[in-house]
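Summary of structural features
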Amino acid sequence: MTKKAEKTQSSIAQNRKARFDFFIEDRLEAGLALMGWEVKSMRAGKAQLVDAYVIMREGEAWLLGSQVTPLNTASTHVNTDPKRIRKLLLNRREIDRLTGLVERKGYTLVALELYWSKNRVKVAIGLAKGKKQHDKRASEKDRDWQRDRARILKH
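Here's a quick rundown of the structure. Here the structure is a predicted model, which is why all the values come from computation and not from measurement. For every chain, the first residue of its written sequence is number 1, and the numbers climb from 1 along that sequence. Local features are withheld for residues below a pLDDT of 70 in this predicted model, meaning they are given only at 70 or higher, and side-chain atom pairs are given and counted only at 80 or more; totals for whole chains, interfaces and linings count all residues. Values reported for side chains reflect all heavy atoms of the structure, with hydrogen atoms and water molecules removed beforehand.

Observations regarding the overall build of the protein chain
Within the protein chain, the secondary structure is distributed over five helices and nine strands. When the helices and strands of the protein chain are read in sequence order from the N terminus, they spell out α-β-α-β-α-β-β-β-β-β-α-β-β-α. Think of it in three bands: residues with accessible area under 20% of the maximum for their type are buried, residues over 50% are exposed, and the middle band is partly exposed, with areas taken using a 1.4 Å probe on protein chains only. By residue count, 32% of the 155 residues in the protein chain fall in the buried class. Note on definitions: a residue-residue contact is assigned when non-hydrogen atoms from the two residues lie within 4.5 Å. Here the contacts in the protein chain between residues at least 6 apart in sequence split such that 68% fall between residues at least 24 apart. Approximately 10,400 Å² of the protein chain is accessible, and the part contributed by carbon and sulfur atoms is 49%. Charged-residue counts in this description rest on Lys and Arg as positive and Asp and Glu as negative, His and the chain ends being excluded. The location of each charge is read from NZ of Lys, CZ of Arg, CG of Asp or CD of Glu. Averaged over its 34 positive side-chain charges, the protein chain has a centre that lies 4 Å from the centre of its 19 negative ones. Helical segments are the DSSP runs of H or I of at least four residues, strand segments are the runs of E of at least two, and each set is numbered from the N terminus. The Shrake-Rupley method, run with a 1.4 Å probe, gives the accessible areas here. Residue values count only the displayed protein chains as cover.

Next comes the structure, spelled out in structure tokens:
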């Protein structure tokens, strides 16, 4: 990623649990089709990706499980559904590739992060394989060792 691209991106929400539950093998960026009230709520930081994942249905990608809490100032005539299914904007080639990997190879598509890129909301999608319980324990043990090692080297 270039330095210029880095400066234009600021995070809205992250799915930290995804790295614990899955091996992330590939990462790609997708646009998100949003309503006006959702954009305003995201600017206020009221978005969550805790259990968000992506499904492929009828040749399109959809984001499920994400939550955008509406602001109190949202208009009364707008139907605000915080857990609404949102359409992902991807190229046909990317959709075909992801559909093949999910259906044939058993991968899962997980939402990793929501962020701003040039005043547009983007979502980082991870192509993931699920971790077994012993894998989770090993990664937790490794993370604890890295923290202890940093503490020892600091002194």
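Additional details are given in the paragraphs that follow.
Some details on helix 4 (residues 92–105)
Take the residue count of a helix, subtract one, and multiply by 1.5 Å to get its expected span. For helix 4, built from 14 residues, the straight-helix expectation of 20 Å at 1.5 Å per residue is met to within 8% by its first-to-last C-alpha distance of 19 Å. By the burial criterion, the buried members of helix 4 are Ile95, Leu98, Thr99, Gly100 and Leu101. Packed against the buried residues of helix 4 are strand 2 (22–32), strand 4 (53–57), strand 5 (60–64), strand 8 (108–117) and strand 9 (120–130). Positive phi shows up at Gly106, right after helix 4, with a value of about 80 degrees.

Re unusual backbone geometry
Even without a glycine there, the phi angle at Glu58 is positive, about 55 degrees. Turning to its location among the elements, Glu58 is positioned in the loop between strand 4 and strand 5. Owing to a relative accessible area of 79%, Glu58 belongs among the exposed residues under this scheme. The backbone phi angle of Asn119 is positive, close to 60 degrees, even though this residue is not glycine. By secondary structure assignment, the location of Asn119 is in the loop between strand 8 and strand 9. Given a relative accessible area of 64%, Asn119 falls into the exposed group.

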